[in-house]
Amino acid sequence: MIRVTERIALHEWEIVEEFARASGPGGQNVQKVETAVRLRFDARNSPSLPYEVKARLARLAGRRLTKEGVVLIDARRHRTQERNRADALERLLALIRAAAAPPPPPRKKTRPTLASKLRRLAGKKQRGDVKALRGKPANDL
């Protein structure tokens, strides 16, 4: 079991890892070792996640979520397969933790105070007066 939060834990069999050759640093090692990791997690059919978390995860995952409800995470930042595996798993867990966090409370609408309205208008008047002084002087002869 992989612990995500106090209430959520994933089974190891729910996460599938595929390996491929990665571009980037590594020299000649790049051509012969499969260090890149593609992690697949079937969020839609996961028995470990509550419905609300699945819905929020679908919104948070964005383009990493396929039409079938599978979350795909590519990890190829590091030179070793082990570090890329750990990186991909940590990114998945962070995504699930963000989805499991309660949504923020709705914003309460407030109205500006009279004093803040007056300050705003005074600032606009002052700015307008400054701009008016930039014009050509009037000939009052």
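Please refer to the structure higher up on the page.
This is a predicted model, so every value here is computed, not measured.

Cut-off values and rules
- In this convention, every chain numbers its residues from 1, walking through the sequence in written order.
- For a predicted model such as this one, the threshold for reporting local features is a pLDDT of at least 70, and the threshold for listing and counting side-chain atom pairs is 80 or more; totals across whole chains, interfaces and linings nevertheless cover every residue.
- The side-chain values count all of the structure's non-hydrogen atoms but skip hydrogen atoms and water molecules.
- Counting from the N terminus, the helices are the DSSP runs of H or I reaching at least four residues and the strands are the DSSP runs of E reaching at least two.
- A contact between two residues is defined here by any heavy atoms of the two lying within 4.5 Å.
- Only when DSSP finds a minimum of two bridges between them are two strands counted as paired.
- To define axes, lines are fitted to C-alpha atoms, for helices over the stretch in contact only, and angles between the resulting N-to-C directions are given on a 0 to 180 degree scale.
- The set of buried Ala, Val, Leu, Ile, Met, Phe, Trp, Tyr and Cys residues whose side-chain atoms join them within 4.5 Å is what this entry labels a nonpolar core.
- Relative accessibility decides the category of a residue: with a 1.4 Å probe and only protein chains considered, values under 20% of the type maximum give buried, values over 50% give exposed, and everything between is partly exposed.
- Just to be clear on terms, a salt bridge is a Lys or Arg side-chain nitrogen sitting within 4 Å of an Asp or Glu carboxyl oxygen.
- Here roughly perpendicular refers to angles of 65 to 115 degrees, roughly parallel to angles under 35, roughly antiparallel to angles over 145, and oblique to all remaining angles.
- Less than a right angle of anticlockwise turn of the near helix away from the far helix marks a crossing as left-handed, whereas a clockwise turn marks it as right-handed.
- Polar here means any residue outside two lists: the nonpolar Ala, Val, Leu, Ile, Met, Phe, Trp, Tyr, Cys and Pro, and the charged Asp, Glu, Lys and Arg; Gly therefore counts as polar.

A. Molecular detail of the environment of Arg44. For Arg44, the location among the structural elements is in the loop between strand 4 (36-42) and helix 2 (51-61). Residues Arg44 and Leu57, spaced 13 residues apart in sequence, show a C-alpha to C-alpha distance of 9.5 Å. Sequence-distant contacts of Arg44, defined by excluding residues within four places in its chain, comprise Lys54, Lys67, Glu68 and Gly69.

B. Region of interest: the sheet that holds strand 3 (residues 15-20). Across the sheet, three strands lie side by side as 3-4-5; this open sheet has antiparallel pairing. Looking at which strands have only one partner, the edges of the open sheet turn out to be strand 3 and strand 5 (70-75). With direction set aside, neighbouring strand axes in the sheet form an average angle of 20 degrees. Note that strand 3 and strand 4 share six bridges and pair antiparallel. Considered in strand 4, the bridge of Glu17 is made with Leu39.

C. Summary view of the nonpolar core. If you look at the biggest cluster of nonpolar residues, it comprises 21 residues, and the most contacted ones within it are Leu10, Phe41, Leu49, Leu57, Val71 and Leu92. At the level of elements, strand 4, helix 2, strand 5 and helix 3 (81-100) are the ones that each hand at least two residues to this core. Among the elements that line this core, the one with the most residues is helix 3, at six residues. Beyond its immediate stretch of four places on either side in the chain, Leu49 contacts Ile8, Leu10, Phe41, Ala43, Lys54, Leu57 and Ile96.

D. The pattern of salt bridges, seen in detail. Inspection of every chain in the model, using the stated rule, returns five salt bridges. The closest approach of N and O atoms between Arg38 and Asp74, which form a salt bridge, is 3.0 Å. One end of the pair, Arg38, is in strand 4; the other, Asp74, is in strand 5, with 36 residues separating them in the sequence. Members of the salt-bridge network, linked through shared partners, are Arg77, Asp87 and Arg91.

E. A look at the packing of helix 2 against helix 3. Their axes nearest at 8 Å, the elements helix 2 and helix 3 cross at an angle of 120 degrees. By the angle class used here, helix 2 and helix 3 are oblique. By crossing handedness, the relation of helix 2 to helix 3 is classed as right-handed. In contact with Val53, Arg56, Leu57, Leu60 and Ala61 of helix 2, helix 3 contributes Leu95, Ile96, Ala98, Ala99 and Ala100. Looking at side-chain class alone, the contact of helix 2 with helix 3 contains nine nonpolar, no polar and one charged residues.

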